[in-house]
Structure formats: structure tokens, C-alpha cells
Amino acid sequence: QGMVPMLVLGLQGSPKKNGSSDYLLKHFLKEVEKMGVEVQTLDIPRMNIRPCIGCGHCEKKGFCVIDDDDMAVSVYPLLRKAQVVVAASPVFFYSVTSQMKALIDRTQALWSRKYRFRLSDPLSKTRKGFFLCMGGSRGKKLFDGIHLVATYFFDAIDAHGSGSLTYPGIETSADFQKMPDLNQVLSETAQALMSSLLQRKRILFLGKHDDIRIQMARALTQYHAGSRFHVVTSGNEPAQEIHPGVVEAMTEIGIDMAFLQTRSPSNVIQEYRPDIIVTMGNDIEIPAIPNVMTSVWNLPDPRNASLERIGQLREQIRQNVTRMETDR
């Protein structure tokens, strides 16, 4: 079947190395990884994430004023790339750890883009969020604060809160190791979380180079038909960043292209084994692969295109995506 073209991002929030939070997250993601999904974990306390200073810059400009730490350089792009975000933290004074809270507070920039600028991430309709938490005591309200923080964190990053696993009476990873049914619970929970995402067909958009057409095709398909398709793009001249004209054209229809990266694996067909291949023009060679549906959209090469022309291409692509989504 090949790898599944999606990222599950783990956020490990405990400052204690090899603690209970790290143990639970690793074992949960191990179950996810068995499904052929790319998994990446960020060890938040070991990263340089400066706290929010409450300056309001993001609400005016759409970006955090702090632009040189790990949050700016890597965390924002990964939160945008991930289709599932799994956060793990022990309870510290009825909330998450200060290190995890620093990351969450900095997602105010994403909240601002969503609610002040009225923009939606392309994956906003399908991204999921899940929380793992444990605490040493057994109070009835032990996880109440965590649930509130998680709810608004996932909302800010355009993820649908899809549940949690919470464990009272856990001090160390050894306490988890004494639970004989833990792996079964984690396996069943991971399957339930991932099942709807794993059922989607894989569609590959091919361009002569990583151009305007496939950048828009990717985002529009993720936004309008993400419940049906995993999306992969490939071009033989990869762009370094999203084309400014694409950013502007997509902003016009409320789709946010900020923090998105354009890089695709060079051996995308072998790695992901698409079910459908769509080429942007009839001058692009379609690989001969058995049992793979193919389609040619025959869109003109838009290099050096005006903003007006990019907007016209956007509408052509959106019509094709809508037709593809309704053609079941």
C-alpha cells in the first residue's frame, strides 16, 4: 500500500525526561506508526519557544512579532502540515506544564488569522486533535482545566478536538508499565482516531515544476474534498515557497496559505502509491501505472502570470475539485 501521505505530530510537554508523559505519548504514537503514517514528535521543553508577550502584533499583522525562535521557524509550519496533533502533558496546578503552555499561548497568531482575518487553513475541515494527560492525585476535577486548555488550543490550530485519554494516580512511567491492558487501549483508541482519515483515496497532482497550479490544487482539494482524498503534489522544479500570487488569490476566498511548505518527496509515486494521478497540462507525461486512474486538467502554464490570471486559474481548479468531489 505504501506510506500514508499524512503527518501525525506529537507534542511532548513534560520537562522530565523519560517521564510518564513521554512514555504514554511514545506508546500511543507507536500504534499510529503501525498504520504506515509519518510520525514526528517535538520535545517541547528542550526547544527554544519564547513566551507570548501579549503585544497584539498578531491581531494586527497576522504573524507573531517573535520571528526567530523554534516556534516561528519550525512549530508553526509543522502545526499546519500535521493532519493529527497529539499533545501530552502531566497536570501542573490543574493545567498543562509551563513549557506546553508557552507553545499554546503562541498559537494566538493562528487564532488571530482564523478569527481576526477570517482565514481557514486548508486542512481545517479534517485536522484532528487528541490529548493525553496524567496526574499524581485522584481529585474529581483533576483534568477540568486541561480539557478547557485543550479545547481552545485545538480550536486555535484549526483542529477538531477528537477526544483524550486521562489517567489519575500516575506519578512515573513505572505506573503505566503496571497496567496490563494499556497497549490494547492505546491501539483501539489510535484506530478509532485514525480510521476515517486512513480510508481516503490518494491523489497526486503533477506539474512540470512545483508551480502555481499544483499549489492551488493541493490547498483547494484539502479544503473542499479533504474528507475524501489524501493529497500529494510533485514537480521536477520544486519551489522554495508558496507563490505570493497564490497567497493573495487564496486569501481572496478565505483560505490561509501562511506557514505552508512546498517540499514533496522526489520518489512520491513509489513512496505513496497514488490511486489517482492528475496532471496540470496535456504536455506533462503521465507515468504508466496499472490500476491507477488518470486525468488531465489542461491548464496553461502560469509562470509570470498576473494576479488576475492566477485568480482565473484558481476558479478553474476549484470547479474541477468540486466536480471531482461530487463525482462519487
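Our subject is the structure that appears above.
The sections below set out a description of the structure shown in this document. (Residues numbered from 1 in each chain as written. Predicted model: local features only at pLDDT ≥ 70, side-chain atom pairs only at ≥ 80, totals over all residues. Heavy atoms only, no water.)

### So, the packing of aromatic side chains
Right, on to step 1. This model, assessed by the stated rule, comprises nine aromatic pairs.
Right, on to step 2. Ring geometry for phenylalanine 153 versus phenylalanine 154: centroids 5.4 Å apart, planes at 35 degrees, classification tilted.
Right, on to step 3. Taken together through their ring pairs, the aromatic side chains of Tyr23, Tyr167 and Phe176 make up a single cluster.
Right, on to step 4. For the cation-ring pair, lysine 125 lies above tyrosine 223, with the distance from its terminal atom to the ring centre recorded as 4.1 Å. (Phe/Tyr/Trp six-rings, centres within 6.5 Å; stacked < 30°, edge-to-face > 60°. Lys NZ or Arg CZ within 6 Å of the ring centre and 35° of its normal.)

### What to know about the environment of valine 232
Right, on to step 1. Within the fold, valine 232 resides in strand β7 (residues 229-235).
Right, on to step 2. Once the C-alpha coordinates of valine 232 and proline 274 are considered, the two residues, 42 residues apart in sequence, prove to be 8.4 Å apart.
Right, on to step 3. The residues touching valine 232, leaving out its near neighbours within four places in the chain, are Pro5, Ile203, Leu204, Phe205, Arg218, Val268 and Tyr272. (Helix = DSSP H or I, 4+ residues; strand = E, 2+ residues; numbered from the N terminus. Contact = heavy atoms within 4.5 Å.)

### What about the nonpolar core?
Right, on to step 1. Counting 39 residues, the largest nonpolar core has Leu11 and Leu103 as the members making the most contacts within it.
Right, on to step 2. Secondary structure elements with two or more residues in this core: β1 (4-12), α3 (70-81), β3 (84-90), α4 (98-106), α5 (108-115), β4 (128-135) and α6 (144-156).
Right, on to step 3. Setting aside residues no more than four positions away along its own chain, leucine 11 makes contact with Leu25, Leu42, Ile44, Val85, Val86, Ala87, Ala88, Met100, Leu103 and Phe153.
Right, on to step 4. One finds Ile214, Tyr272, Ile276 and Ile317 within the second-largest nonpolar core, a separate group that totals 37 residues. (Core = buried A, V, L, I, M, F, W, Y, C linked by side-chain atoms within 4.5 Å. Buried < 20%, exposed > 50% of the residue type's maximum accessible area, 1.4 Å probe, protein only.)

### Looking at the packing of helix α1 (residues 20-33) against helix α8 (residues 182-198)
Right, on to step 1. Put simply, α1 and α8 touch, their axes get as near as 9 Å, and they point 55 degrees apart. Our classification of the angle between α1 and α8 gives oblique. Of the two elements, α1 crosses α8, and the hand of that crossing is right-handed. Counting all contacts with α1, which are made through Tyr23, Leu24, His27, Phe28, Glu31 and Val32, the residues of α8 involved are Leu182, Asn183, Leu186, Ser187, Thr189, Ala190, Leu193 and Met194.
Right, on to step 2. Here the contact of α1 with α8 is built from residues that sort into nine nonpolar, four polar and one charged. (Axes fitted to C-alpha atoms, helices over the stretch in contact; angles between N-to-C directions. Parallel < 35°, antiparallel > 145°, perpendicular 65-115°, else oblique. Left-handed = near helix turned anticlockwise from the far one by under 90°. Nonpolar A, V, L, I, M, F, W, Y, C, P; charged D, E, K, R; others polar.)

### Here we look at the sheet that holds strand β5 (residues 160-168)
Right, on to step 1. Ordered by their spatial adjacency, five strands build an open sheet running β2-β1-β3-β4-β5, and the pairing between neighbours is parallel. Strands with a single pairing partner mark the edges of an open sheet, and in this sheet they are β2 (37-43) and β5. Averaged over all pairs of adjacent strands, the angle between strand axes in this sheet comes to 15 degrees, irrespective of strand direction.
Right, on to step 2. Bridge analysis of β3 against β4 gives seven bridges, and the strand direction is parallel. Directly across from serine 89, in β4, lies its bridge partner cysteine 133. (Pairing = 2+ DSSP bridges.)

### Points about the side chain of aspartate 69
Right, on to step 1. Along the polypeptide, aspartate 69 turns up in the loop between α2 (57-61) and α3.
Right, on to step 2. Residue aspartate 69 is classed as buried on the basis of its relative accessible area, which comes to 1%.
Right, on to step 3. Among the polar contacts listed, one links the side chain of aspartate 69 to the backbone nitrogen of arginine 50, at a separation of 2.9 Å. (Polar contact = N/O pair within 3.5 Å; in protein donor to acceptor, adjacent residues only side chain to side chain.)

### Examining the side chain of arginine 200
Right, on to step 1. Along the chain, the position of arginine 200 falls in the loop between α8 and β6 (201-207).
Right, on to step 2. Of note is the side chain of arginine 200, whose polar atom sits 2.7 Å from the side chain of glutamine 83.
Right, on to step 3. Here histidine 230 takes part through its side chain, which lies 3.1 Å from a polar atom of the side chain of arginine 200.
Right, on to step 4. Beyond its immediate chain neighbours, meaning those up to four positions away, arginine 200 contacts Met6, Gln83, Thr126, Gly226, Ser227, Arg228, Phe229 and His230.

### Brief notes about the packing of α3 against α5
To describe two helices that pack against each other, one gives the angle between their axes and the distance between the axes.
Right, on to step 1. Between α3 and α5, the least distance of the axes is 11 Å, while the angle of their chain directions is 50 degrees. The orientation of α3 relative to α5 falls into the category oblique. Together, Tyr76, Leu79 and Arg80 of α3 and Ala109, Leu110 and Arg113 of α5 make up the contact between the two elements.
Right, on to step 2. Classifying every residue of the contact of α3 with α5 by side-chain character gives four nonpolar, no polar and two charged.

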